[in-house]
Amino acid sequence: MSNIILTGDRPTGNLHLGHFIGSIKNRVKLQNEGNYDEMYVMIADAQGLTDNFDNPKKIREYVKEVAIDYLSAGIDPKKVNIFIQSEVSELTELTFYYMNLVTVSRLQRNPTVKSEIKQKDFNTSLPVGFMCYPISQAADITAFKANIIPVGDDQLPMIEQTNEIVRSFNRIYGDTLVEAKAILPEKEIQRRLPGLDGNNKMSKSLGNCIYLCDDSETVKKKVMSMYTDPNHIKIEDPGNIEGNMVFTYLDAFSTDELISKYSDFNTLNEMKEKYSSGGLGDVTIKKVLYNIIEEILTPIREKRKYYEDNIDEVYEILKQGTNKAKQKASQTLKEVKHAIMIDYFN
Ligand code: TRP
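Residues numbered from 1 in each chain as written. Predicted model: local features only at pLDDT ≥ 70, side-chain atom pairs only at ≥ 80, totals over all residues. Heavy atoms only, no water.

A. Main features of the site of the ligand. Around the ligand lies a shell of 14 residues, among which Met42, Gln47, Gln137, Asp140 and Gln155 are the nearest. The contact in question runs from an oxygen atom of the ligand to an N or O atom on the backbone of Arg10, over 3.4 Å. With the chains in place, 92% of the 360 Å² that the ligand exposes on its own is no longer accessible. A molecule is said to occupy a pocket when more than half its atoms come within 2 Å of that pocket's grid points, and by this definition the ligand occupies the largest pocket. (Near = heavy atom within 4 Å. Polar contact = N/O pair within 3.5 Å; in protein donor to acceptor, adjacent residues only side chain to side chain. Areas by Shrake-Rupley, 256 points an atom, 1.4 Å probe, with all protein chains shown as cover. 1 Å grid on protein atoms, 1.4 Å probe; cavity = no way out; pocket = protein on both sides within 12 Å on 5 of 7 lines; lining within 4 Å. Sits in = over half its atoms within 2 Å of the grid points.)

B. View of the packing of aromatic side chains. Taken as a whole and assessed by the stated rule, the structure comprises eleven aromatic pairs. The ring of Tyr133 carries the charged tip of Arg10 above its face, separated from the ring centre by 4.5 Å. (Phe/Tyr/Trp six-rings, centres within 6.5 Å; stacked < 30°, edge-to-face > 60°. Lys NZ or Arg CZ within 6 Å of the ring centre and 35° of its normal.)

C. Region of the structure containing the pairing of strand 3 (residues 81-84). Residues Asn81 and Phe83 of strand 3 are buried on one face, and the alternating residues Ile82 and Ile84, pointing to the opposite face, are buried as well. Where strand 2 (residues 38-43) lies against strand 3, four bridges are found, and the strand directions are parallel. Bridge pairing in strand 3 links Ile43 to Ile84. (Buried < 20%, exposed > 50% of the residue type's maximum accessible area, 1.4 Å probe, protein only. Helix = DSSP H or I, 4+ residues; strand = E, 2+ residues; numbered from the N terminus. Pairing = 2+ DSSP bridges.)

Dropping the structure here:
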């Protein structure tokens, strides 16, 4: 069996550190290890429209922005097909046939969709399109026969839903589609990074993010205002690690090498012990975190500048990636239509 990697993001905002540690870092690692036959990264504009249908300008703008974020973060267009979802109309067609294989109550049980509905206040006016986006996501994955999906853990219900569709389809129409497996980051904390305020996950709509495109000053301000331990008033006071966002982020982003580079400690554990027993100030730990985040973001910012100045190159990359994606998806659609016996003129 071949290894086909596919993943994507909705273009509803710039990518932030939660995306980076939850998925982008893994994608770049997989891309560079080279242990795959095909790799696709999709800008999910059609899915973005399911809850932004009244704001097409925003989606169009962020298609460009997310493309720049990808390229700046190290996704290499020579190895990966970066493409725009809506340009691959085969995906919409597949979605329509998969809709027959999913019940309304099954969609209503999807925990990610459930919490999004609550967050968006869709309770009384839920668009059908939004409700169905897990089906369209199954089309995204199966159209490429993708079996490896690097994502954060909020996407697990989508993969589960996809595999249910694959099994139903293959049972009813014959073996055609391939099941997929999510690849999650190593550490638990990297799978769902909380926001700067310590509430919920890092999310644009909650305004608690550090973006890959934030400048140094902005990152500094955000780190300096992070939630620590409200009872840690004097430096000598013992401080709490639990629920302290600075340590949560250090857990997610630091290595012992980085800790010894930017602090007086050799390991994060040593630093935590000192903080717990008293004698380590919040400003000091925040500076360590700031430096570590800057080490990640500085090269990304430099590449961003190049792509912002060469926007035609970005669109050319998207165009080529989209052409490749379209070829593959149209092959799968042919097989699907054949299986459903709606290939009348062949
Ligand atoms: N649902 C993903 C998000 O919220 C985007 C997405 C669409 C996706 N289709 C996908 C992710 C297929 C992985 C595989 O960002």
